[in-house]
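# Report on the structure
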Amino acid sequence: MTSHEVAQSTRRDILQLGTAAVAAAGVAAVAWPFIDQMNPDAATIASGGPIELDLAPIAQGQIVRIFWRGKPIFVRHRTPDEIAAAEKVDVAALMDPQPDSARVKPGMAQWLVVYASCTHLGCIPLGHQGDWNGWFCPCHGSQYDTSGRVRKGPAPTNLPIPPYSFAGDAKLVVGVA
Ligand code: FES
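Throughout what follows, the structure given in this document is the object of discussion. What you see is a predicted model; the values in this text were computed from it and never measured.

Let's shift gears to the pairing of strand 5 (residues 126-129). As paired elements, strand 5 and strand 6 (residues 134-136) share three bridges and run antiparallel to each other. Across the sheet, residue Gln 129 finds its bridge partner in strand 6, namely Gly 134.

Spelled out as structure tokens, the structure:
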């Protein structure tokens, strides 16, 4: 895939998710500058180096999808209710036991960053769907909660977490833990 194709693919995906996740007026207005900011340059794509994402335009409750090293990644701005739902779970009862606190950065529980590939066979799950309002995989019915933890198979494990960090309160850096 050329760098141009990557940029085009990213552009389509973010627009698609932006309009699907938030049907409010103003999404388009914030989407375009946001897209321009997050498109990595050709050298960054070629090197597979870290990419930065401006978090400010991502509204609470919204999920966006970006690409890093050719793999899709969800960045979810969780609501207080979504965080509470993820935290109150009985971890011991989970298929792949992991507390929510182990899946987010300290003090930044509103941001969940996970690979957007179902751990069954790699389909891209649909956000804000399923019994746990996390993700639903349309391929074979796996479900994930608002922490990206698998709650219903056939997926065997939680959505993996890529290396990432924050630069201040409003910038995500994917590729640097
Ligand atoms: S690929 Fe998701 S359930 Fe099979």
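So, on to the environment of Ala 109. Following the sequence through the fold, Ala 109 ends up in the loop between helix 4 (80-87) and strand 4 (111-115). Considering only alpha carbons, one finds Ala 109 and Glu 87, 22 residues apart in sequence, at a separation of 9.9 Å.

Moving on: the sheet that holds strand 6. The strand order 5-6-7-8 describes an open sheet built from four strands, whose pairing is antiparallel. Of all strands in the sheet, those bounded by a partner on one side alone are strand 5 and strand 8 (150-152). Pairing between strand 7 (residues 143-144) and strand 8: two bridges, direction antiparallel. Bridge assignment links Tyr 144 to a residue of strand 8, and that residue is Val 150.

What counts as what
Residue numbering note: each chain is counted from 1, following its sequence as written. Two thresholds apply to this predicted model, a pLDDT of at least 70 for residue-level local features and 80 or more for giving and counting side-chain atom pairs, whereas whole-chain, interface and lining totals are computed over all residues. The basis for every side-chain value is the complete set of heavy atoms in the structure, and neither hydrogens nor water enter the calculation. Strands were regarded as paired on the criterion that DSSP finds at least two bridges between them. Under the DSSP-based scheme used, a helix requires at least four consecutive residues in state H or I and a strand at least two consecutive residues in state E, with every element numbered from the N terminus.

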